[in-house]
Amino acid sequence: MKSTKKKLLITGAVLLLAGLGTIYYLFNMPKRNVSKSDADHKIEASVLVREYLKDEDATDARYLKDDGVSDIMDITGTLSKIEEDYNNQLVLLLQESDDPTGVSVTLQNGEKPRGLKVGQTIRVKGVIRSGAHYDEDLGFYEPVIIEDATILKSK
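Below, the structure is looked at part by part. (Residues numbered from 1 in each chain as written. Predicted model: local features only at pLDDT ≥ 70, side-chain atom pairs only at ≥ 80, totals over all residues. Heavy atoms only, no water.)

## Overview of the overall build of the protein chain
Inference 1: Secondary structure assignment for the protein chain yields three helices and eight strands.
Inference 2: The globule rule puts the C-alpha radius of gyration for 155 residues at 15 Å, and the 22 Å found for the protein chain is more than 25% above it.
Inference 3: Dimensions of the protein chain along its principal axes, counting C-alpha atoms only, are 80 × 35 × 30 Å.
Inference 4: Out of the 155 residues belonging to the protein chain, those deemed buried represent 33%.
Inference 5: A separation threshold of at least 6 residues defines the contact pool for the protein chain, and within that pool the share at least 24 residues apart is 63%.
Inference 6: Element-wise, carbon and sulfur atoms account for 53% of the exposed surface of the protein chain, whose accessible area totals about 10,400 Å².
Inference 7: Counting 21 positive and 25 negative side-chain charges, the protein chain places the averaged centre of each group 12 Å from the other. (Helix = DSSP H or I, 4+ residues; strand = E, 2+ residues; numbered from the N terminus. Rg over C-alpha atoms; globule rule 2.2 N^0.38 Å. Buried < 20%, exposed > 50% of the residue type's maximum accessible area, 1.4 Å probe, protein only. Contact = heavy atoms within 4.5 Å. Areas by Shrake-Rupley, 256 points an atom, 1.4 Å probe, with all protein chains shown as cover. Lys, Arg positive; Asp, Glu negative; His and termini not counted. Charge placed at Lys NZ, Arg CZ, Asp CG, Glu CD.)

Right, dumping it as structure tokens:
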């Protein structure tokens, strides 16, 4: 009887340690470095917006992996707005004048390039957080949201 309890106790302790080790690894595994990785897709901002507005599910299937992790996107577009969010991160909106919405790009922590001007064409690299869609409750279009972005080139 004592040997069965001892085996169960040891098995439970091993399983508990394995579970805790897995949780620790998942929370502390290295984050993907988007700025140093090659882009999986190169696309114009207005094309990405139109793809999402036409068929959000098909576009997600094209640019997101099965586990929901985004491919790395290289996006070119016209800078239409420059803002800072509540975390003091720079947020850029790439949008053409005839598009119903654009691509909202949040730059990586601390990146605040000088010389950006509304109307200039820029290239950014980042990952998709969510796609563009029309929000019926609010009555307007939501932009494609890109995170962990860095500026590649501006004209």
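## With respect to the environment of Ala-45
Inference 1: Secondary-structure assignment places Ala-45 in helix 2 (residues 45–54).
Inference 2: A relative accessible area of 3% places Ala-45 in the buried class.
Inference 3: Considered as a pair, Ala-45 and Thr-78 are 33 residues apart in the sequence and their alpha carbons are 8.2 Å apart.
Inference 4: Setting aside its immediate chain neighbours within four residues, Ala-45 contacts Ile-75, Thr-76, Gly-77, Leu-94 and Val-103.

## Let's talk about the side chain of Thr-106
Inference 1: By the secondary structure assignment, Thr-106 is in strand 4 (residues 103–107).
Inference 2: Judged by its relative accessible area of 13%, Thr-106 falls in the buried class.
Inference 3: In contact with Thr-106, other than residues within four places in its own chain, are Asp-85, Gln-89, Leu-90, Val-91, Ile-146, Glu-147, Asp-148 and Ala-149.

## A closer look at the nonpolar core
Inference 1: Core analysis: the largest hydrophobic core is formed by 24 residues, its most contacted members being Leu-48, Ile-75, Leu-92, Leu-94, Val-103 and Val-105.
Inference 2: Taken together, the elements giving at least two residues each to this core come down to helix 2, strand 2 (72–84), strand 3 (90–94), strand 4, strand 5 (121–130) and strand 8 (144–154). (Core = buried A, V, L, I, M, F, W, Y, C linked by side-chain atoms within 4.5 Å.)

## Quick word on the packing of aromatic side chains
Inference 1: Scanning the entire structure with this criterion turns up one aromatic pair.
Inference 2: Seen from their ring centres, Tyr-134 and Tyr-141 are 4.9 Å apart, and the 65° between their planes marks the pair as edge-to-face.
Inference 3: What makes Tyr-134 partly exposed here is its relative accessible area of 39%.
Inference 4: The class for Tyr-141 is partly exposed, based on a relative accessible area of 36%.
Inference 5: Positioned above the aromatic ring of Tyr-63, the side-chain terminus of Arg-62 is 5.7 Å from the ring centre. (Phe/Tyr/Trp six-rings, centres within 6.5 Å; stacked < 30°, edge-to-face > 60°. Lys NZ or Arg CZ within 6 Å of the ring centre and 35° of its normal.)

## Re the pattern of salt bridges
Inference 1: Counted under the stated rule, the structure contains four salt bridges.
Inference 2: Ionic pairing is found between Lys-65 and Asp-71, a salt bridge with its closest N-O pair at 2.7 Å.
Inference 3: Judged by its relative accessible area of 11%, Asp-71 falls in the buried class.
Inference 4: Residue Arg-129 is joined to Glu-147 by a salt bridge in which the shortest nitrogen-to-oxygen separation is 3.6 Å. Of this pair, Arg-129 sits in strand 5 while Glu-147 sits in strand 8, and the two are 18 residues apart along the sequence. (Salt bridge = Lys/Arg side-chain N within 4 Å of Asp/Glu carboxyl O.)

## Remarks on the pairing of strand 4
Inference 1: Of all the five residues making up strand 4, five are buried; the element is thus mostly covered by neighbouring parts of the structure.
Inference 2: A two-sided burial pattern is seen for strand 4, the buried positions comprising Val-103, Val-105 and Leu-107 on one face and Ser-104 and Thr-106 on the other.
Inference 3: Relative to strand 4, strand 3 is paired through four bridges, and the arrangement is antiparallel. Within strand 4, the position partnered with Leu-92 by the bridge is Val-105. (Pairing = 2+ DSSP bridges.)

## Points about the packing of helix 2 against helix 3 (residues 56–63)
Inference 1: Helix 3 packs onto helix 2 with a crossing angle of 125° between their chain directions and a minimal axis gap of 5 Å. Considered as vectors, helix 2 and helix 3 are oriented oblique to each other. Side by side, helix 2 and helix 3 meet where Leu-48, Glu-51, Tyr-52 and Lys-54 of the first sit next to Glu-56, Thr-59, Asp-60, Arg-62 and Tyr-63 of the second. (Axes fitted to C-alpha atoms, helices over the stretch in contact; angles between N-to-C directions. Parallel < 35°, antiparallel > 145°, perpendicular 65-115°, else oblique.)

The values reported here are purely geometric and, on their own, carry no functional implication.
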